[in-house]
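# Descriptive structure summary
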Amino acid sequence: MIKYRRPNRIFLELFIPVAILCMLVISIGYFVYYRQTITILQEKQEQETLQKFRQQDSGLDKINDEIDKIFNILLNNLIFTNVDNVDLFSQLNRLSGLKEGERITRLKHILAQMDGILEGYSQLVSIDIYTSDQNIISCSEAGTFYDFSGMGDYPLYRNGTYQNVMGKENDWYLFGANPLGDISISSRDKYNQDTNVITWAHKLFDVKGGSQIGMICLSIQEDYISDSYRYIFDSKEADFYLADIQSGEIISSLKSQEIGQECPYITEIGESVYGNLSAESEGERINVLYYRLSSADWLAVSVYPYSGYQKDTVLFRRIFSIILAVTLVSLFVILLLAVRKIMRPVEKLMEAMAQVQEGNLEYKVAGNWKNEVGLLVSSYNSMAQSVKNLIIQKERVQQEKTQQEILALRAQINPHFMLNTLNTIKCMAVMARAENVENSIVIFGKYIEALFRVQKAFHTIREEIDFLKNYIKIYNMRFGEVVKLELDVEDELWEIQIPRIVLQPVVENSLQHAFDYSDSKNVIRIAVTQRGEQIELLLQDNGRGMSLERLMELRIMVSNHREESTGEHVGIANVARRLYLYYGEQQDMQIISNEMGTTVCIRISRKCLRDTAGK
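Everything numeric in this text was worked out from a predicted model, so none of it was measured. (Residues numbered from 1 in each chain as written. Predicted model: local features only at pLDDT ≥ 70, side-chain atom pairs only at ≥ 80, totals over all residues. Heavy atoms only, no water.)

### A short note on the overall build of the chain
If you tally the helices and strands in the chain, you get 16 helices and 20 strands. Within the chain, the proportion of its 615 residues that are buried is 43%. For the chain, the exposed surface amounts to about 34,700 Å²; the carbon and sulfur share of it is 52%. (Helix = DSSP H or I, 4+ residues; strand = E, 2+ residues; numbered from the N terminus. Buried < 20%, exposed > 50% of the residue type's maximum accessible area, 1.4 Å probe, protein only. Areas by Shrake-Rupley, 256 points an atom, 1.4 Å probe, with all protein chains shown as cover.)

Right, dumping it as structure tokens:
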């Protein structure tokens, strides 16, 4: 008989969202199909636009050929028309040097040739000649004009167009987005505001004489160019314009208000002849197609909104949107319920972990979940209690250990018995009138009293120095005046509190190992100063120093904060250990020794020290 097995709860809780996820995958399939349809429509439109670009490029080539033809006709007319046995072409840049009558005669013939060209070619609106001797001859539908006062104030000279044309090889220089009045001085009043033109400029060069004569500008209305592609790009959704690659300005457009504006995509277009990029305009996504014209240094740009691709898929989008909306709402609701059910205990567990991280080990996760998460919660509660017990135990052990180490480093004898005994001996010395014995006992009594003041862990630097003075006096009473104590303590540091008896073991080490008592020039110097944020206690002797091997051993012992129970330098090691127990990493002890003596430098962070003077 097959025994029924209860399904895994988490498996069931995850299975339902996965089933719903499958529905979402189906919806995504529909969405991919829809996007593929849009992509096909987009690619088709791009191919059609490329053909239109090439068609426009070909049309502009024909206009270039026509302008070149007009230029050659005018040039030949000027070359082969003689006045007083001199051709008009060679006189263009010499008119200002002629007499008034001769200049007017030649001007009439030159303007007549220019006017004849304008009448023969209706697409032309002006012909302008800028000569190298700063003269201007202009002919347009508005009339004729000439100026021999210089062309420094005219736009084409000010903006560098004249200089650019004169610097080119024997080739055309095309530019646009200019009112006719800025190009042709004969049309300023009539056309300056309304007529935008595109200009073909060419350098005039005297082949026979080898000199530059000037520049000729042939201008046509921008409408003549835009009309040539208006019927090609007849889509209501699309926009089309021509932009100068060098200046970035729009020089011709289906929308006349765009002429003269900067093409917003000129910096994003690469070096390829043809391409496209996605952009956004007025909150709508657009597809920007561009084509580099071979007939001019221009860029043909077509801007097509993505909404145009979608106009044939309106019904499909509506149905798809309804299906997608229902699917997403259903998925959201089911997943929300499922995830909330799964995540409720997990969130409580995370909250408990945050409480523990903040130090609250009393926090427990309440709940009774009959699944794997419930088992995890139960294990966490047990672990938190175990961690709490371990921390309490560790703190208790560490506290006891620290207290024992501090107490063990002090002398562990009964101070009362010692002091009572000394008082008895002192009384006997007074009765016997032995003043030197009495003084010695008084000094030693003060030393012993300070040494066994167990209830005080700290005292002031003043008290520590007084303790050292008594210690040195006792030592000198024993061996004669063999050691001199020099003090240098800053006034504001006398009342700073430090651990008791941290200087005496260092002094004792010098007395025992540093000095040769056959010499009475033995000096121990103690300096207490503040250096930045630290208090520095400096102890120096002028003894014999210690060996390098022993110095390195002592330095290792001090840096490791290790207590030494035996040896020559027990006191220094114990002082280092005590300082570490009190101040941790906020203190430092350095030892330097050579044949000139030994220096022990103790530095303690100022913020760790208490000032009994209230500073």
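Picking up where we left off.
### Focus on the packing of aromatic side chains
Under the criterion given, the structure shown has 9 aromatic pairs. Aromatic side chains Phe53 and Phe240 sit 5.9 Å apart centroid to centroid with 35° between the ring planes, which places their arrangement in the tilted category. One end of the pair, Phe53, is in helix H1 (residues 9-80); the other, Phe240, is in strand E9 (residues 239-244), with 187 residues separating them in the sequence. Judged by relative accessible area, Phe53 falls into the buried class, the value being 0%. Where Tyr173 meets Phe175, the ring centres are 5.8 Å apart and the plane angle is 45°; that geometry is what we call tilted. Taking the relative accessible area as the measure of exposure, Phe175 reaches 7% and is therefore buried. Among the aromatic residues, those joined into a ring-pair cluster are Phe53, Tyr229, Phe240, Tyr274 and Tyr291. (Phe/Tyr/Trp six-rings, centres within 6.5 Å; stacked < 30°, edge-to-face > 60°.)

### Things to note about the pairing of strand E12 (residues 284-292)
Pairing of strand E11 (residues 274-281) with E12 involves 8 bridges; the strand directions are antiparallel. Counterpart to Ser281 in the pairing with E12 is Glu284. Two successive antiparallel strands, E12 and strand E13 (residues 298-305), enclose a turn made up of 5 residues. (Pairing = 2+ DSSP bridges.)

### Here's the deal with the environment of Gln534
Turning to its location among the elements, Gln534 is positioned in strand E18 (residues 534-541). Look at Gln534 and you get partly exposed, because its relative accessible area is 32%. Distance in space between the C-alpha atoms of Gln534 and Leu609 is 9.6 Å, their sequence separation being 75 residues. In this structure Gln534 touches Thr529, Arg603, Ile604, Ser605 and Arg606, once residues within four positions along its chain are discounted. (Contact = heavy atoms within 4.5 Å.)

### Considering the side chain of Asp541
Considering the arrangement of structural elements, one finds Asp541 in strand E18. Put simply, Asp541 is tucked away with no salt bridge, and the nearest opposite charge, on Arg544, sits 8.9 Å away. Polar contacts involving the side chain of Asp541 include one to the side chain of Ser510, which spans 2.7 Å. Here Gly543 takes part through its backbone nitrogen, which lies 3.0 Å from a polar atom of the side chain of Asp541. Discounting residues that sit within four places of it in the chain, Asp541 has contacts with Ser510, Ala514, Phe515, Val523, Ile524, Met596, Gly597 and Thr598. (Lys, Arg positive; Asp, Glu negative; His and termini not counted. Salt bridge = Lys/Arg side-chain N within 4 Å of Asp/Glu carboxyl O. Polar contact = N/O pair within 3.5 Å; in protein donor to acceptor, adjacent residues only side chain to side chain.)

### Details of the pattern of salt bridges
Where charged atoms from two side chains of opposite charge approach closely, those side chains can pair. For the coordinates displayed, the defined rule picks out 8 salt bridges. Residue Glu536 is joined to Arg603 by a salt bridge in which the shortest nitrogen-to-oxygen separation is 3.2 Å. Of this pair, Glu536 sits in strand E18 while Arg603 sits in strand E20 (residues 597-605), and the two are 67 residues apart along the sequence. Linked by salt bridges that have partners in common, Arg531, Glu536 and Arg603 make up one network.

### With respect to the packing of helix H13 (residues 461-479) against helix H14 (residues 504-513)
Viewed as axis vectors pointing N to C, H13 and H14 meet at an angle of 25°, and their least axial separation amounts to 10 Å. Overall, the two elements H13 and H14 adopt an arrangement that is roughly parallel. The handedness of the crossing between H13 and H14 comes out as right-handed. Touching Glu464, Phe467, Leu468, Tyr471, Ile472 and Tyr475 of H13 are Gln504, Val507, Glu508 and Leu511, all from H14. For the contact of H13 with H14, the residue count by class is 7 nonpolar, 1 polar and 2 charged. (Axes fitted to C-alpha atoms, helices over the stretch in contact; angles between N-to-C directions. Parallel < 35°, antiparallel > 145°, perpendicular 65-115°, else oblique. Left-handed = near helix turned anticlockwise from the far one by under 90°. Nonpolar A, V, L, I, M, F, W, Y, C, P; charged D, E, K, R; others polar.)

### Let's talk about the sheet that holds strand E7 (residues 196-206)
Pairing within the open sheet is antiparallel, and its 6 strands lie in the order E5-E4-E3-E8-E7-E6. Only two strands of the sheet have a single partner each, and these edge strands are strand E5 (143-147) and strand E6 (173-179). Sheet twist, expressed as the average angle between the axes of neighbouring strands with direction ignored, equals 20°. The pairing of E6 with E7 spans 5 bridges and is classified as antiparallel. Opposite Phe175, over in E7, you have Thr199 as the bridge partner. Sitting on the sheet, helix H2 (residues 100-120) is in contact with strand E3 (124-131), strand E4 (136-140) and E5, with an inclination near 35° to E4. Sitting on the sheet, helix H7 (residues 222-230) touches E7 and strand E8 (211-221), and the angle it makes with E8 is about 55°.

### Brief notes about unusual backbone geometry
For Glu282, which is not glycine, the phi dihedral falls at a positive 55°. By the element assignment, Glu282 lies in the loop between E11 and E12. Given the relative accessible area of 82%, Glu282 is considered exposed. Of note in the backbone geometry, Ile501 takes a positive phi value of approximately 55° without being a glycine. Tracing the backbone through its elements, the reader meets Ile501 in the loop between strand E16 (497-499) and H14.

### Considerations on helix H15 (residues 548-559)
Between the first and last C-alpha of H15 there are 16 Å, a value that for 12 residues agrees with the 16 Å anticipated at 1.5 Å per step. Every buried residue belonging to H15 is among Arg550, Leu551, Leu554, Met557 and Val558, and all of these are buried. All buried residues of H15 project into a common sector of 125° when viewed along the axis, lining one side. Exposed residues on H15 whose side chains face more than 90 degrees from its buried face are Leu548 and Glu549. (Expected span 1.5 Å × (residues − 1). Arc of directions from axis to C-beta.)

### Examining the sheet that holds E18
In spatial order, the strands read E15-E17-E18-E20-E19; together these 5 strands make up an open sheet with mixed pairing. Every interior strand has two partners, whereas the edge strands, strand E15 (483-489) and strand E19 (587-594), have only one. Strand-to-strand twist of the sheet, defined as the mean angle between neighbouring strand axes without regard to direction, takes the value 10°. Bridge analysis of E19 against E20 gives 8 bridges, and the strand direction is antiparallel. The residue bridging Asn594 from the neighbouring strand is Gly597, located in E20. Set on the sheet, H14 makes contact with E15, strand E17 (522-531), E18 and E20; between it and E17 the angle comes to about 155°.

### Here we look at the pairing of E20
Within E20, 8 of the 9 residues are buried, which leaves the element mostly enclosed by the surrounding structure. Relative to E20, E18 runs antiparallel, the two sharing 8 bridges. Looking at E20, one finds that Leu538 is bridged to Cys601. Counted along the chain from E19 to the antiparallel partner E20, the turn is 2 residues long.

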